[in-house]
Amino acid sequence: MGEIGYDMAHLLGASVLLMSFALLYQRRLTALISAFATQSVFLAAAAAWQGFFQDNPHLYVTAVIALLFKALIIPLALLRIIERLGIHRTVQQAMGVGPTMAIGVSLVTLALLLVLPLTAEASALTREGLALALSVVLLGLLMMITRRNAIGQVIGFMSLENGLILAAIGVRGMPLVVEMLVAFAVMVAFIIFGIFFFQIRERFDSLDIHYLESFRGEGRRE
Amino acid sequence: MPALQFVLPSLLLLLTLGGIGAVRPRSPRTALIVYGGTAACCAVLVLAALVHLLGQGGVWRMPVPVGLPWLRSELVLDALSAVFLLMVNLAGVTASLFGWGYGRAQAGSGHGLEPGRVLPAFPLFLAGMNLVLLASDAFLFLVGWEFMSLTSWLLVLANHREAGNREAGRIYLIMASFGTMVLLLCFGVLAGSAGGYGFDDIRAAPHDPLAAGLAVMLVVLGAGSKAGLAPLHVWLPLAHPAAPSHVSALMSGVMTKVALYALVRVLFDLAGTPDWWWGGVLLALGSATAVLGILYALMQDEMKRLLAYSTVENIGVISVGLGLALVFKADGQQGVAAIAFSAALLHALNHSLYKTLLFYGAGAVLTATGQGGLNRLGGLIHRLPRTAPLVLVGAAAISALPPLNGFASEWLLFQAVLSGPQLGLWEMKVATMVVGVALALAAALTAACFLRFYGIVFLGRPRSPAAAQAREVGPAMLLAMLLPAALCLLVGVLPGSVLALFGDAAAGMVGTPMDSRAGTLAWMWLAPAAPGDGFGGNSYSGLFVLGLTAALTVLLRLLIVRTSDAAVRRGEPWGCGHPDVGPVAQYSGDSFSQPLRRVFAAGVFAARERVDMPEPGEMRPARLEIRSSDPAWTWLIDPLCRAVGWLADKVNGMQFLTIRHYLTLMFGALVFLLTVVAVVK
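A quick note: this is a predicted structure, and the numbers were derived from the prediction, not measured. (Residues numbered from 1 in each chain as written. Chains lettered and ligands numbered in written order. Predicted model: local features only at pLDDT ≥ 70, side-chain atom pairs only at ≥ 80, totals over all residues. Heavy atoms only, no water.)

*Asks:* What is the right way to look at the overall build of chain B in this model?
*Replies:* A count of helices and strands for chain B gives 26 helices and four strands. Over its C-alpha atoms chain B spans a radius of gyration of 26 Å, differing by no more than 12% from the 26 Å that the globule rule assigns to 681 residues. Projected onto its principal axes, the C-alpha coordinates of chain B cover approximately 95 × 70 × 60 Å. In chain B, buried positions account for 53% of the 681 residues. (Helix = DSSP H or I, 4+ residues; strand = E, 2+ residues; numbered from the N terminus. Rg over C-alpha atoms; globule rule 2.2 N^0.38 Å. Buried < 20%, exposed > 50% of the residue type's maximum accessible area, 1.4 Å probe, protein only.)

*Asks:* Any chance you could explain the packing of helix 7 (residues 163–191) of chain B against helix 11 (residues 245–270) of chain B here in plain terms?
*Replies:* In helix packing, the relevant descriptors are the interaxial angle and the interaxial distance, both defined with respect to the helix axes. All names here are of chain B. It is the contact of helix 7 with helix 11, at a shortest axis distance of 12 Å, that shows an interaxial angle of 15°. On the basis of their axis angle, the class for helix 7 and helix 11 is roughly parallel. The two elements helix 7 and helix 11 cross, and the hand of that crossing is left-handed. Residues Y172, C186, F187 and L190 of helix 7 touch helix 11, and the partners they reach there are M251, M255, V266 and L270. Residues belonging to the contact of helix 7 with helix 11 are distributed by class as follows: eight nonpolar, no polar and no charged. (Axes fitted to C-alpha atoms, helices over the stretch in contact; angles between N-to-C directions. Parallel < 35°, antiparallel > 145°, perpendicular 65-115°, else oblique. Left-handed = near helix turned anticlockwise from the far one by under 90°. Contact = heavy atoms within 4.5 Å. Nonpolar A, V, L, I, M, F, W, Y, C, P; charged D, E, K, R; others polar.)

*Asks:* So what exactly am I meant to see when it comes to unusual backbone geometry here?
*Replies:* All names here are of chain B. Of note, the amide linkage connecting A230 to P231 takes the cis form, showing an omega dihedral of 0°. Topologically, P231 is positioned in the loop between helix 9 (209–227) and helix 10 (236–242). The step from P402 to P403 runs through a cis peptide bond, and the omega angle for that step is 5°. Within the secondary structure, P403 is located in the loop between helix 16 (387–398) and helix 17 (405–418). Even without a glycine there, the phi angle at A400 is positive, about 60°. As for its placement among the helices and strands, A400 is situated in the loop between helix 16 and helix 17. A400 gets classed as buried once you look at its relative accessible area, which sits at 16%.

*Asks:* Teacher, can you tell me more about the confidence of the model for chain B here?
*Replies:* In low-pLDDT segments, the atomic positions of the prediction should not be examined closely. Looking at chain B as a whole, the pLDDT averages 89, with 97% of positions reaching at least 70. At the level of chain-chain contacts, confidence expressed as ipTM amounts to 0.82, with global pTM at 0.82. (pLDDT = per-residue confidence, 0-100.)

*Asks:* Just checking my understanding: could you explain the UniProt feature "transmembrane region" (unreviewed entry) in chain A for this structure?
*Replies:* All names here are of chain A. The sites that carry the UniProt feature "transmembrane region" (unreviewed entry) are, in the present numbering, residues 6–25, 32–53, 59–82, 94–118, 130–147, 154–174 and 180–198. End C-alpha to end C-alpha, residues 6–25 measures 29 Å, and it is 100% helix and 0% strand. Structurally, residues 32–53 comprises 100% helix and 0% strand, and the distance from its first C-alpha atom to its last is 31 Å. (UniProt positions renumbered as here; feature names shortened; annotations may be inferred.)

*Asks:* What's the story with the interface of chain A and chain B in this structure? I'm lost.
*Replies:* Reports of interface size often rely on the accessible area that becomes lost once the parts have come together. Tallying the contact residues gives 21 residues for chain A and 18 residues for chain B. Taken over both partners, the interface formed by chain A and chain B buries close to 1800 Å², and the fraction arising from carbon and sulfur atoms is 75%. The interface formed by chain A and chain B includes zero salt bridges. Where chain A meets chain B, there are zero residue pairs in polar contact (both at pLDDT 80 or more). Mapped onto the side of chain A that touches chain B, the elements with two or more residues apiece are helix 4 (97–118) and helix 5 (124–146) of chain A. (Buried area = accessible area lost by both parts, 1.4 Å probe. Salt bridge = Lys/Arg side-chain N within 4 Å of Asp/Glu carboxyl O. Polar contact = N/O pair within 3.5 Å; in protein donor to acceptor, adjacent residues only side chain to side chain.)

*Asks:* Please clarify how the nonpolar core should be interpreted in this entry.
*Replies:* The tendency in soluble globular proteins is for nonpolar side chains to be buried side by side. Of all hydrophobic cores here, the largest spans 207 residues; its most connected members are F141(B), F187(B), M251(B), F268(B) and F341(B). The dominant element in this core, judged by the number of residues it contributes, is helix 14 (residues 334–369) of chain B, at 23 residues. In contact with F187(B), not counting residues within four places along its chain, are A138(B), F141(B), L142(B), Y197(B), F199(B), I202(B), V266(B) and L270(B). Counting residues in each nonpolar core, the second largest holds 61 residues, with L12(A), I33(A), L139(A) and M144(A) among its members. (Core = buried A, V, L, I, M, F, W, Y, C linked by side-chain atoms within 4.5 Å.)

*Asks:* Before we go on, may I ask you to explain a nonpolar patch on the surface in this structure?
*Replies:* Taken together, V64(A), L68(A), L72(A), I73(A) and L76(A) make up a surface patch of nonpolar side chains, about 450 Å² in accessible area. Take L76(A): it is sitting in helix 3 (residues 58–85). (Patch = residues over 30% accessible without salt bridge, like charges linked within 9 Å, V, L, I, M, F, W, Y side chains within 5 Å. Areas by Shrake-Rupley, 256 points an atom, 1.4 Å probe, with all protein chains shown as cover.)

*Asks:* Can you walk me through the pattern of salt bridges in this structure?
*Replies:* In a structure, side chains of opposite charge can pair up when their charged atoms sit close to one another. All names here are of chain B. In total, this model carries 13 salt bridges over all chains according to the counting rule given. A salt bridge links E167 to R170, with the shortest nitrogen-to-oxygen separation between them at 3.2 Å. Of this pair, E167 and R170 both sit in helix 7, three residues apart, roughly one helical turn. In this structure, D200 and R203 form a salt bridge, with 3.1 Å as the shortest nitrogen-oxygen distance. Separated by three residues within a single helix, D200 and R203 lie in helix 8 (residues 199–204), roughly one turn from each other. The partly exposed category is assigned to D200, whose relative accessible area is 37%. The partly exposed category is assigned to R203, whose relative accessible area is 36%.

*Asks:* Please explain the environment of T512(B) as it appears in this structure.
*Replies:* All names here are of chain B. Along the polypeptide, T512 turns up in the loop between helix 22 (503–510) and helix 23 (542–563). On a C-alpha basis, the gap between T512 and A338 in space is 6.4 Å, while along the polypeptide they are 174 residues apart. Setting aside anything within four residues of it in sequence, one finds T512 in contact with Q334, G335, A338, A506 and A507.

*Asks:* Can you help me understand empty space enclosed by the protein in this one?
*Replies:* Leftover empty space is mapped by rolling, across the atoms, a probe with the size of a water molecule. All names here are of chain A. Taken as a whole, this structure holds four cavities of 30 Å³ or more when the rule is applied. Each pocket or cavity is described by its volume, and for the largest cavity that value is around 170 Å³. If you go around the largest cavity, you meet 17 residues; those closest to its centre are A9, G13, Q50, L125 and G129. Mapped onto the lining of the largest cavity, the elements with two or more residues apiece are helix 1 (2–25), helix 2 (29–54), helix 5 and helix 6 (150–170). Considering each element in turn, the lining of the largest cavity owes the most residues, six residues, to helix 5. Here the lining of the largest cavity is built from residues that sort into 10 nonpolar, six polar and one charged. (1 Å grid on protein atoms, 1.4 Å probe; cavity = no way out; pocket = protein on both sides within 12 Å on 5 of 7 lines; lining within 4 Å. Points joined across faces, edges and corners; volume = space filled by probe spheres on them.)

*Asks:* What am I meant to see in the domain arrangement of chain B here?
*Replies:* When the domains of chain B are assigned, the result is domain 1 (274–516 + 523–557) and domain 2 (631–680). Taken over C-alpha atoms, the centre of domain 1 of chain B sits 47 Å from the centre of domain 2 of chain B. (Domains from an automatic or database assignment.)

*Asks:* For this particular structure, what's the right way to read the UniProt feature "domain: NADH:quinone oxidoreductase/Mrp antiporter transmembrane" (unreviewed entry) in chain B?
*Replies:* Per the UniProt record, the feature "domain: NADH:quinone oxidoreductase/Mrp antiporter transmembrane" (unreviewed entry) sits at residues 135–429 of chain B. From the first C-alpha to the last, residues 135–429 of chain B spans 37 Å; its make-up is 77% helix and 0% strand.

*Asks:* Can you help me understand the layout of surface pockets in this one?
*Replies:* Residues and elements named next belong to chain B. Volume-wise, the largest pocket comes out at about 660 Å³. Forming the boundary of the largest pocket are 17 residues, of which V584, S588, D590, S591 and L624 lie nearest the centre. Secondary-structure elements contributing two or more residues to the lining of the largest pocket are helix 24 (589–604) and strand 4 (623–627). Among the elements that line the lining of the largest pocket, the one with the most residues is helix 24, at four residues. Of the residues that constitute the lining of the largest pocket, the class distribution is seven nonpolar, five polar and five charged.

Structure (structure tokens):
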């Protein structure tokens, strides 16, 4: 059991990270949303596997929540928003794909260098789980700053949350309430961003937050 | 000891008096209650300090009955605190007395002083200073320190309607905040990771040399900025003239001593075994401060600015004493260290006496004439016949003329300087000699400076109508000047007895009290024991000098009376060929300092004279314009301000970034910190 359990957890965690990279190089909004949905599916699978492996039934709840909200409802809603608003289907990027990927790879290296020595006495599974989770969090942040598009930023934010959940399920004894809270935080954030999108769209006919920045009252310095 | 039980009630009463002063500041009765109450509290604290110093010594502790449960504070009175308590409250008594008379006189003349701003803050200021001296942990200490700074800031702003005073207040507040912040860091370093902020904990904890060195640098910066060590003295000459005279007397004579107390407490008591360079830093800064301070005092045109710069000089001298004590202590020569330390304490006490006296004198002149500029005064010895001799005592004492007190402390300090060659390190052997030369120069210049001060203000003929119509000040102010003047003479005549009071403090700080070879005659003779010579080699008796001076005076007078022609003849003085000599043609303050200005000040102070001479036939007067600048501003403060301004301009752009750029900044900071953690691990 030990060997296969470890490998499986490792594989699922690595898939979540892989989808983070996939998020980084998507140019089209629909593809971005599918990549996020895929990441959430992998996350749900990882949670379910950890629940089975740690013999911890409440992780199944987490898995179901992740699958339901993050892999289905939110992506579908986002797609519907895009359709309703009829917005441009490409993602405005602030930085080219090449440099972004290079930075992403260095961030993963940093996460490994940071977590592995710090958690020397923890079990191998926890250590690598934490390293992967930190990588996902950092890549989510990176995505938020390399996207000009509001939807891109929201997806970056939610993939960051996925990293947090990945960290939470990898650690033994994380209480259910925390996971619930994280899930609901994402929900609330999603609702707020949804309203936010409509408002921006109504005013500026675009979701490019560049337009938002010129309307901040104190005036923008170029 | 019953007297010590009154310490805490006195402090609380001072706080209450501040409240009373705020209620009806304009009523004369409030002024009487506040100043009377303050004087009484200070007198009680003086008694408590004396009881402690004359008694068996030891350490007196009393828990503070207010505060938070996890910050259990105590008031602790040990020998060192008692010495400084004595200085602060002696000055507190006379300042209250003077302040009462000063307030009444100013109210009578209808200018200056707003009692609503002075009365509430004055007792609080004294309470803050006392709290600093009695604090037993870093929290209480800093609370007292900040209390002292803020209340004195309010007092500096007492005449806030003048733009110059507002500027002075601003600079004072900046310097005070800087000092407090640095002291906060200093205590943080001393407490270390264990986090014990009580002085007992800090004393007991081991200090590694690096941390102790850092703490030393920080305390020299923090306490030095408050005390007025160059180049952090810039606030003194601005703030002291701005404050009412009795407050400037306290700020100059006493608050700077509280800062020195902080320096002593950390360097000798809390920071562990001293390294020789700690003293070296103090020696270098102190001697530079002494010479620069007095040179600049010599060029001042305004009484209180002159006195403020002279305080800078005295702080330099005291720092040199403390530095010598540290160097000798680090070298293992406790005996000489005790001499230097006692000399520093004695000089601090003396300075608190004669500097308050001189500030009261300046206040009396201001009350009598409304003029602060030297070149608009003169001839006051006839108009102020009681103030003039009292100020003369102060001027003679600060110029270190025997048998007054200034001589005793400087003499003792030079005994320590002359023991410099006994030090182990050759660098310090040379350095003590250089310091000795600087001290001697400063002492000589001080005499010149106060000769100028007294001569221009009190002698000659009045240079302005205001000076010609001056009226003598009231009895309260005269009494306030008489007290320190009498103490100046007493301490000067019997320095041995006063030094005996400092024995416990010296023993606590450098390991041994000062040893005297005079034996049973120690009350009369000042004979610090140094190896290699017997009694009489280096001994000084103020009483003996006083007797000798008195005898010689009587003898000389007899001789003159006997031999001279008794009849008094009046005649026209020779007017240098001018038919009508006005008072303007007298020697002025600027003429007096001209040679010294040309010799010393042209370089460092960039002193320049410009003469505007009218062409023959023109009727306008010739004008002499003198400009000089304080090097601390030119070389330190102004570049610093420019650097801060430049940086602020650069950082200002960050206020208008886009959301994405803010996120980028945070992300960058996060990645940077994570990298630091990864690398450090």
